[in-house]
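For reference, the chains in residue letters:
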Amino acid sequence: MRKPVMVLVAALMTAIGVAGPAQAGVTSVDRPFGMAYGNSTTSGTIHFTDGYTASVAGSVHAASGSRMVCFWGENGTVTTPAKCSPWAYAGGPNQTFNEPLQLAMSGGVQRVYIAMYDENITPLAEEVCTRKSCTRLY
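Residues numbered from 1 in each chain as written. Predicted model: local features only at pLDDT ≥ 70, side-chain atom pairs only at ≥ 80, totals over all residues. Heavy atoms only, no water.

1. A closer look at the environment of D30
Okay, so step 1: As for its position among the elements, D30 is in strand β1 (residues 29-37).
Okay, so step 2: It is 9.4 Å that separates the C-alpha atoms of D30 and S55, two residues lying 25 residues apart in sequence.
Okay, so step 3: Once residues within four sequence positions are removed from consideration, D30 is found in contact with T45, I46 and H47.
Okay, so step 4: Here the side chain of D30 touches H47 through a polar contact of 2.5 Å, side chain to side chain. (Helix = DSSP H or I, 4+ residues; strand = E, 2+ residues; numbered from the N terminus. Contact = heavy atoms within 4.5 Å. Polar contact = N/O pair within 3.5 Å; in protein donor to acceptor, adjacent residues only side chain to side chain.)

2. What about the packing of aromatic side chains?
For any pair of aromatic rings, the description consists of the separation of the ring centres together with the inter-plane angle of the planes.
Okay, so step 1: Taken as a whole and assessed by the stated rule, the structure comprises two aromatic pairs.
Okay, so step 2: Summarising the aromatic geometry, the rings of W72 and Y113 are spaced 5.7 Å apart at their centres and angled 5° between planes, so their arrangement reads as stacked. Pair noted here: W72 is in strand β4 (residues 66-75) and Y113 is in strand β9 (residues 111-118), with a separation of 41 residues, a long-range link.
Okay, so step 3: By relative accessible area, W72 is classed as buried at 17%.
Okay, so step 4: When its relative accessible area of 16% is taken as the criterion, Y113 is described as buried. (Phe/Tyr/Trp six-rings, centres within 6.5 Å; stacked < 30°, edge-to-face > 60°. Buried < 20%, exposed > 50% of the residue type's maximum accessible area, 1.4 Å probe, protein only.)

3. Some points on the sheet that holds strand β2 (residues 40-48)
Okay, so step 1: Strand order in this open sheet of four strands is β1-β2-β3-β8, and the pairing throughout is antiparallel. The open sheet has two edge strands, β1 and β8 (95-102), and neither has a second partner. Within the sheet, the average angular offset between the axes of one strand and its neighbour, ignoring direction, is 15°.
Okay, so step 2: The pairing of strand β3 (residues 53-61) with β8 spans eight bridges and is classified as antiparallel. Residue pairing in the sheet places S59 in a bridge with T96 of β8. (Pairing = 2+ DSSP bridges. Axes fitted to C-alpha atoms, helices over the stretch in contact; angles between N-to-C directions.)

Next comes the structure, spelled out in structure tokens:
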């Protein structure tokens, strides 16, 4: 009699959420991004994982001069090292990039910043993306 009662109690506790391991409730998300500065553009996807990482993949196109895209992850005041695309040159092919960002801390990468630079390393455009949306900063 004792075993069936324990099975019933465990089933009831699981059904109402009292027993069992807590779930993080966070799933992997693909967030598209894109921005332009004049006719120069960058676009791609950020893959936020259910762990500590986010991968940034995309391309950059230069309509004039040279363009490079750099990106970094953030969680609070902790930031990943920045990673950058190869230089795209006007009249040349689009340059692609695909790099992981990792923060080994609770919550992992929460925000990804993406910035486009010209040949003088002058920032031209920047946006920040979370799992829910991207916002143009300038």
